[in-house]
Amino acid sequence: MDNLSKTMVLGGSLKPHRYSNRAIRALRRNDYQVVSFGRREGEVEDVKIHTDLKEHRDVHTITFYLSASNQKDLYSYIFSLNAKRFIFNPGSENYDLAQEASKRGIEVMEVCTLVMLRLNQY
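Residues numbered from 1 in each chain as written. Predicted model: local features only at pLDDT ≥ 70, side-chain atom pairs only at ≥ 80, totals over all residues. Heavy atoms only, no water.

(A) Region of the structure containing the sheet that holds strand E2 (residues 33-37). Pairing within the open sheet is mixed, and its seven strands lie in the order E3-E4-E2-E1-E5-E6-E7. Of all strands in the sheet, those with a lone pairing partner are strand E3 (42-44) and strand E7 (107-110), marking the two edges. Across the sheet, the mean angle from the axis of one strand to that of its neighbour is 25°, orientation sign disregarded. In this structure, E2 lies alongside strand E4 (residues 47-50), joined through two bridges in parallel fashion. By the bridge assignment for E4, Phe37 is matched with His50. Packed on one face of the sheet, helix H1 (residues 19-29) meets strand E1 (6-10), E2, E3 and E4 and runs near 160° to E2. Where helix H4 (residues 95-103) meets the sheet, its contacts fall on strand E5 (59-64), strand E6 (85-88) and E7, and the angle it forms with E6 comes to roughly 160°. (Pairing = 2+ DSSP bridges. Helix = DSSP H or I, 4+ residues; strand = E, 2+ residues; numbered from the N terminus. Axes fitted to C-alpha atoms, helices over the stretch in contact; angles between N-to-C directions. Contact = heavy atoms within 4.5 Å.)

And the structure:
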């Protein structure tokens, strides 16, 4: 992933103990550009969490922190980002979305973003 590409944290939280919040902070510590969508607007580090579906360019990876049922209404938005990779963190696995993504040539992973970062495999 190049420095111009972004990671979308889908399900960003302002609560420091939440895994999406930890992922935002870890991604920023590793110099990744991050954008986020969540239920409550605010900031984590220098990343604004938006509550509206903003258009973003150059999103390489979407890392999911929403359950499959909370993803359904976002399918068209998710695909509009034209990401190259979907990371389904534990609890966010979505067979239907993963299948559709694979058909569209998007890399699909079921893995923890935090573990990937810790192992330098992001």
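(B) Quick peek at the environment of Tyr19. Tracing the backbone through its elements, the reader meets Tyr19 in helix H1. Classification of Tyr19 as exposed rests on a relative accessible area of 52%. Separated by 71 residues in the primary sequence, Tyr19 and Pro90 place their C-alpha atoms 9.9 Å from one another. Ignoring any residue separated from it by four or fewer positions in sequence, one finds Tyr19 in contact with Tyr65 and Leu114. (Buried < 20%, exposed > 50% of the residue type's maximum accessible area, 1.4 Å probe, protein only.)

(C) View of the pairing of E6. Of the two faces of E6, both are covered, the one formed by Arg85 and Ile87 as well as the one formed by Phe86 and Phe88. Pairing of E5 with E6, which is carried by four bridges, proceeds in the parallel orientation. In the sheet register, Ile62 faces E6, and the bridge partner there is Phe86. Pairing of E6 with E7, which is carried by four bridges, proceeds in the parallel orientation. Within the sheet, the bridge partner assigned to Phe88 lies in E7 and is Glu110. With H4 bridging E6 and the parallel E7, this β-α-β connection has right-handed handedness. (Right-handed = clockwise from strand over helix to strand, strands pointing away.)

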